[in-house]
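So you can see what is in the structure, the chains are spelled out below.
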Amino acid sequence: MVARAVLAFTLLTVASHTSAQAPTSPLLELTKQYLAAAKARDAAKVASFYAEDAVLMPPNAPPIKGKKAIQQDHERLFKESPPFELMATPIASETSGDLGYIQGEFIVRRQGASGRGGEVRGKYIEVWKRINGQWKIVYDINNANHAPAAPTPPTPPMPPTPPQ
């Protein structure tokens, strides 16, 4: 469950950017809008940034294929995820003709149900395509810089003391 929660927060950072020291690209404004939709936990709005045949490639999970499946996955992730804070920095972004990309780094800070938080740092790449005049994400991959920490196993119950 902890690993899935880390995956959820990592997945939410895909295409989430701030513009501080960001390269100039027409895709950066779209990613600011994506971030706002993710922070609002609006799965339909998040999915609207993807092409109909987009492929989302989260870490340690099979690819999620198609806009509808991406929306359903985000609905589930937003429902299961505790509060989080996203920070991302685009490192490179460029467009040429009808294709573009964004490559960057992210930090996700979250608060767990136990009150203990966690931080995940990672990187991402998005490939965008202009379709009918609108930029849409067609390929989206991200992963953490380090594997998530294994959850602490519960302490086993003490066996009863035998009668004397």
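From a predicted model like this one, the values you see are computed outputs, not experimental measurements.

*Asks:* Residue-level account of the pattern of salt bridges, with values.
*Replies:* Counted under the stated rule, the structure contains 7 salt bridges. Linking Glu29 and Lys32 is a salt bridge whose minimum nitrogen-to-oxygen distance equals 3.8 Å. Of this pair, Glu29 and Lys32 are both found in helix H2 (residues 27-39), 3 residues apart, which corresponds to roughly one turn of the helix. Looking at Lys32, the relative accessible area reads 33%, which means it is partly exposed. In this structure, the salt-bridge partner of Asp73 is Arg76, at a minimum N-O distance of 2.3 Å. Residue Asp73 and its partner Arg76 are both found in helix H4 (residues 67-80); the two are separated by 3 residues, about one turn of the helix. The class of Asp73 is buried, set by a relative accessible area of 10%.

*Asks:* Would you mind going over the nonpolar core in detail, with residue names and values included?
*Replies:* The biggest cluster of nonpolar side chains holds 29 residues, and the ones touching the most others in it are Tyr34, Val46, Tyr50 and Trp128. Those elements giving two or more residues to this core turn out to be H2, helix H3 (43-47), strand E1 (50-57), H4, strand E3 (84-96), strand E4 (99-111), strand E5 (117-131) and strand E6 (134-144). Broken down by element, this core gets its largest block of residues, 7 residues, from H2.

Conventions and cut-offs
Residues numbered from 1 in each chain as written. Predicted model: local features only at pLDDT ≥ 70, side-chain atom pairs only at ≥ 80, totals over all residues. Heavy atoms only, no water. Salt bridge = Lys/Arg side-chain N within 4 Å of Asp/Glu carboxyl O. Helix = DSSP H or I, 4+ residues; strand = E, 2+ residues; numbered from the N terminus. Buried < 20%, exposed > 50% of the residue type's maximum accessible area, 1.4 Å probe, protein only. Core = buried A, V, L, I, M, F, W, Y, C linked by side-chain atoms within 4.5 Å.

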